[in-house]
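Chain by chain, the residues:
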Amino acid sequence: MEARILAEFQAIVGGRGLISSPEELHTYECDGLTNFRVMPRAVLLPNSTDQVQAIVRICQRERIPFVARGSGTGLSGGALPVENGIVISLARMNRILDVDFPNARVVVEPGVINLDVTGRVSPQKRLCGLSRPALVRHRTAPHESPMRHSNGKSHLHGPSGLRLLQ
Ligand SMILES: Cc1cc2nc3c(=O)[nH]c(=O)nc-3n(C[C@H](O)[C@H](O)[C@H](O)COP(=O)(O)OP(=O)(O)OC[C@H]3O[C@@H](n4cnc5c(N)ncnc54)[C@H](O)[C@@H]3O)c2cc1C
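It should be emphasised that the depicted structure is a prediction, and the values quoted were computed from it without experimental measurement. Every chain is numbered independently, its residues counted from 1 as its sequence is written. Totals for whole chains, interfaces and linings use every residue, but because this is a predicted model, local features are given only for residues with pLDDT of at least 70 and side-chain atom pairs only at 80 or more, for both listing and counting.

Colleague: Help me understand the sheet that holds strand β2 (residues 42-44), please; the structure alone is not making it clear to me.
Modeller: Backbone hydrogen bonds are what pair the strands of a sheet, in a parallel or an antiparallel way. Spatially, β1-β2-β4-β3 is the arrangement adopted by the four strands of the open sheet, whose pairing is mixed. For this open sheet the edge positions go to β1 (18-19) and β3 (66-69), each flanked by a neighbour on one side alone. Two strands are counted as paired when DSSP detects at least two bridges linking them. Under the DSSP-based scheme used, a helix requires at least four consecutive residues in state H or I and a strand at least two consecutive residues in state E, with every element numbered from the N terminus. Pairing of β3 with strand β4 (residues 86-89) involves four bridges; the strand directions are parallel. Bridging from a neighbouring strand, Val67 pairs with Val87 of β4. Residue pairs qualify as contacts under a 7 Å threshold applied to their C-beta atoms, which are placed from the backbone. Helix axes use the C-alpha atoms of the stretch in contact, all axes being lines fitted to C-alpha atoms, and the angles between their N-to-C directions lie in the range 0 to 180 degrees. Contacts from helix α1 (residues 3-13) reach β1 and β2, with the element oriented near 20° to β2. Each of β2, β3 and β4 touches helix α3 (residues 49-62); the most contacted strand, β4, lies at about 165° to it.

Colleague: What is the right way to look at the nonpolar core in this model?
Modeller: One broad rule of soluble globular proteins: the nonpolar side chains tend to lie buried together. Within the largest apolar cluster, 15 residues are counted, with the highest numbers of intra-cluster contacts made by Val43, Leu44, Ile86 and Ile88. Of all the elements in the fold, those that place two or more residues in this core are α1, β2, α3 and β4. Excluding residues within four positions of it along the chain, Val43 makes contact with Ile19, Leu25, Tyr28, Ile86, Val87 and Ser89. Core analysis: the next-biggest nonpolar cluster, separate from the first, contains five residues, Val106, Val108, Val112 and Val117 among them. A set of buried Ala, Val, Leu, Ile, Met, Phe, Trp, Tyr and Cys residues, joined to one another through C-beta atoms within 7 Å, is what we call a nonpolar core. Residue burial here comes from a neighbour count, namely the number of other C-beta atoms, placed from the backbone, that lie within 10 Å of the residue's own C-beta, with 20 or more meaning buried, 12 or fewer meaning exposed, and in between meaning partly exposed.

Colleague: I tried to follow unusual backbone geometry on my own but got confused; where do I start?
Modeller: Trans is the prevailing form of peptide bonds, just as negative phi is the prevailing case for residues other than glycine. Phi is positive for Arg63, which is not a glycine, with a value near 60°. Phi angles above zero are rare outside glycine, and Asn84 is one such case at about 65°. Following the sequence through the fold, Asn84 ends up in the loop between β3 and β4. For Asn84, a count of 13 C-beta atoms within 10 Å translates into the label partly exposed.

Colleague: Explain the packing of α1 against α3 to me, please; I cannot follow it from the model alone.
Modeller: For any two helices packed against each other, one specifies the inter-axial angle together with the distance between the axes. Between α1 and α3, the shortest axis-to-axis distance is 9 Å and the interhelical angle comes to 165°. Relative to α3, α1 is oriented roughly antiparallel. Helix-helix and strand crossings are classified by hand; for α1 and α3 the assignment is right-handed. Taken together, the residues of α3 that come into contact with α1 (itself represented by Ile5, Glu8, Phe9, Ile12 and Val13) are Gln51, Ala54, Ile55, Ile58 and Glu62. Under this grouping Gly is polar, as are all residues other than the nonpolar Ala, Val, Leu, Ile, Met, Phe, Trp, Tyr, Cys and Pro and the charged Asp, Glu, Lys and Arg. Taken together, the residues of the contact of α1 with α3 break down into seven nonpolar, one polar and two charged. Working definition: roughly parallel below 35 degrees, roughly antiparallel above 145 degrees, roughly perpendicular at 65 to 115 degrees, and oblique for all remaining angles. Left-handed describes a crossing in which the near helix is turned anticlockwise from the far one by less than a right angle; the clockwise case is right-handed.

Now the structure itself:
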């Protein structure tokens, strides 16, 4: 990848938000489906929506393919990098933005892990899980598990792509 593009990425996410050394990139060459591996050109770790937008704009301008990655635990290769592309890891976007108990609704950033949602709601005797679903607009894996899931794509799909939470 051209140095000028890397410099632009770095200006957006800061030094610690850009991974480009081959040793570190190996971590991101596959997800839970380890049979297939593609080394990304770079991995970016934004910590805000604005940063994600700025990164994607550059990708669009430079025709760089990108793949979003949560915790990389998917088993179907969805987070497998595209050849000559970059990975946008949402792991640093891990804030719980709003917990609305009366409406059983939680709004979170995409990198929030399931266990943290459960920890936040458990004082109210609520669990993040599969039964008694109610609609929630977030992307956290909605089953109770200590695994580091950061989205619910392959767990539950409600109408219009909404995620479900107990
Ligand atoms: C040991 C194990 C047990 C499991 N058990 C269960 C289970 O009991 N029930 C169950 O339903 N599933 C289970 N899973 C699968 C689980 O659904 C996935 O691992 C999980 O959804 C992946 O979440 P992730 O954040 O790690 O996403 P990744 O693996 O990083 O990505 C998965 C896909 O989502 C995309 N993506 C990730 N984040 C975003 C985002 N913010 N915006 C847009 N796209 C995004 C990626 O590009 C990729 O296509 C299990 C997996 C493992 C490894």
